Amino acid sequence: NSSESHNCAKSILTSDRLQIVVTLSVFFNETWEAANCPNCLKNNSEELSNSTVEFLDLFNKSLTCFEHNLQGQMVYLSPNNYTEVCKNCNETYKMLNDLYNNLQRMNRQGGESGHSTHLCIDVEDAMNITRKLWSRTFNCSVPCSDTVPVIAVSSFILFLPIVFYLSSFLHSKQKKRILILPKRIQSNASLVNIQEKYS
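Residues numbered from 1 in each chain as written. Predicted model: local features only at pLDDT ≥ 70, side-chain atom pairs only at ≥ 80, totals over all residues. Heavy atoms only, no water.

A. The arrangement of helix 2 (residues 20-34) in detail. The terminal C-alpha atoms of helix 2 lie 21 Å apart, and with 15 residues this matches the ideal 21 Å at 1.5 Å per residue to within 8%. Positive phi appears at Asn-36, one or two residues downstream of helix 2, with a value of about 55°. (Helix = DSSP H or I, 4+ residues; strand = E, 2+ residues; numbered from the N terminus. Expected span 1.5 Å × (residues − 1).)

As structure tokens, then:
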């Protein structure tokens, strides 16, 4: 019976010339895989993973924070002054960004979904939207903790040639130049002096 139903399904699916059902099925399956949709789900189930639910909840809180801080101040804000949004939503954004970075790290190791590629497209798009709003629209910035070491190493490397040339100048022996006049010039000079005396 199962072989008969399989043959029946195959004949129905491939009966038209365009095979539109098969083409659509292949398209949707490829889109599902390309978008890494299984990475948002618990091991091959239809239920969202706990980390995805947590991320989407924090994403919604961030957007709500943005809207809440913009709503009452739109009248008073100039187009480029969103300091209240940056100040009041900094903690929420930082938590969302940290969670996203942790999800990326977990996913590389084959996290909850069992797949070890990229995060699903819903999570990546949500984070891209939030980062774009945070940095471009609101012009907020999160101070980078690597700034001080980078400046220190760059300064050290910049001053290395100066230190090298200065130390080589100080530690090398400077020879005084002694000018040796040729005797011919002295004799000519003395001849001129003698002529001046007699004239």
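Read on, since the account is not over.
B. Just the nonpolar core, in detail. Counting 24 residues, the largest nonpolar core has Phe-55, Val-85, Val-123 and Phe-138 as its most contacted members. Mapped onto this core, the elements with two or more residues apiece are helix 3 (50-71), helix 4 (83-108) and helix 5 (121-137). Examining the composition of this core, we find that eight residues originate from one element, helix 4, more than from any other. Beyond its immediate sequence surroundings of up to four residues, Val-85 is in contact with Phe-66, Asn-69, Leu-70, Asn-90, Trp-134 and Phe-138. (Core = buried A, V, L, I, M, F, W, Y, C linked by side-chain atoms within 4.5 Å. Buried < 20%, exposed > 50% of the residue type's maximum accessible area, 1.4 Å probe, protein only. Contact = heavy atoms within 4.5 Å.)

C. Seen up close, unusual backbone geometry. Phi at Asn-36 takes a positive value of approximately 55°, unusual for a residue other than glycine. If you trace the backbone, Asn-36 turns up in the loop between helix 2 and helix 3. For Asn-139, which is not a glycine, the phi torsion comes out positive at approximately 55°. Tracing the sequence through the fold places Asn-139 in the loop between helix 5 and helix 6 (147-171).

D. Structural detail: helix 5. Under the 1.5 Å per step criterion, the end-to-end length of helix 5 is 22 Å for 17 residues, consistent within 8% with the ideal 24 Å. Those residues of helix 5 that sit buried are Val-123, Glu-124, Ala-126, Met-127, Thr-130 and Trp-134. Taken end-on, helix 5 shows its buried residues confined to a sector of 160°, consistent with a single buried face. Turned more than 90 degrees off the buried face of helix 5, the exposed positions are Asp-122 and Arg-136. Against the buried residues of helix 5 lie helix 3 and helix 4. (Arc of directions from axis to C-beta.)

E. Focus on the packing of helix 3 against helix 4. The interhelical angle for the contact between helix 3 and helix 4, taken along N-to-C directions, is 165°, at an axis separation of 9 Å. When the interaxial angle is binned, helix 3 and helix 4 end up roughly antiparallel. Handedness of the helix 3/helix 4 crossing: left-handed. Of the residues in helix 4, those in contact with Ser-51, Glu-54, Phe-55, Leu-58, Phe-59, Lys-61, Ser-62, Cys-65, Phe-66, Asn-69 and Leu-70 of helix 3 are Glu-84, Val-85, Asn-88, Cys-89, Thr-92, Tyr-93, Met-95, Leu-96, Leu-99, Tyr-100 and Leu-103. Taken together, the residues that form the contact of helix 3 with helix 4 break down as 14 nonpolar, five polar and three charged. (Axes fitted to C-alpha atoms, helices over the stretch in contact; angles between N-to-C directions. Parallel < 35°, antiparallel > 145°, perpendicular 65-115°, else oblique. Left-handed = near helix turned anticlockwise from the far one by under 90°. Nonpolar A, V, L, I, M, F, W, Y, C, P; charged D, E, K, R; others polar.)

F. Highlighting the packing of helix 4 against helix 5. Where helix 4 meets helix 5, the closest approach of the two axes is 11 Å, and the angle between their N-to-C directions is 150°. If you check the angle between helix 4 and helix 5, you find them roughly antiparallel. Our pair here, helix 4 against helix 5, has a crossing hand that is left-handed. Residues Val-85, Cys-86, Cys-89, Asn-90, Tyr-93, Leu-96, Asn-97, Tyr-100 and Asn-101 of helix 4 touch helix 5, and the partners they reach there are Val-123, Glu-124, Met-127, Thr-130, Arg-131 and Trp-134. A breakdown of the residues in the contact of helix 4 with helix 5 according to their chemical character gives nine nonpolar, four polar and two charged.

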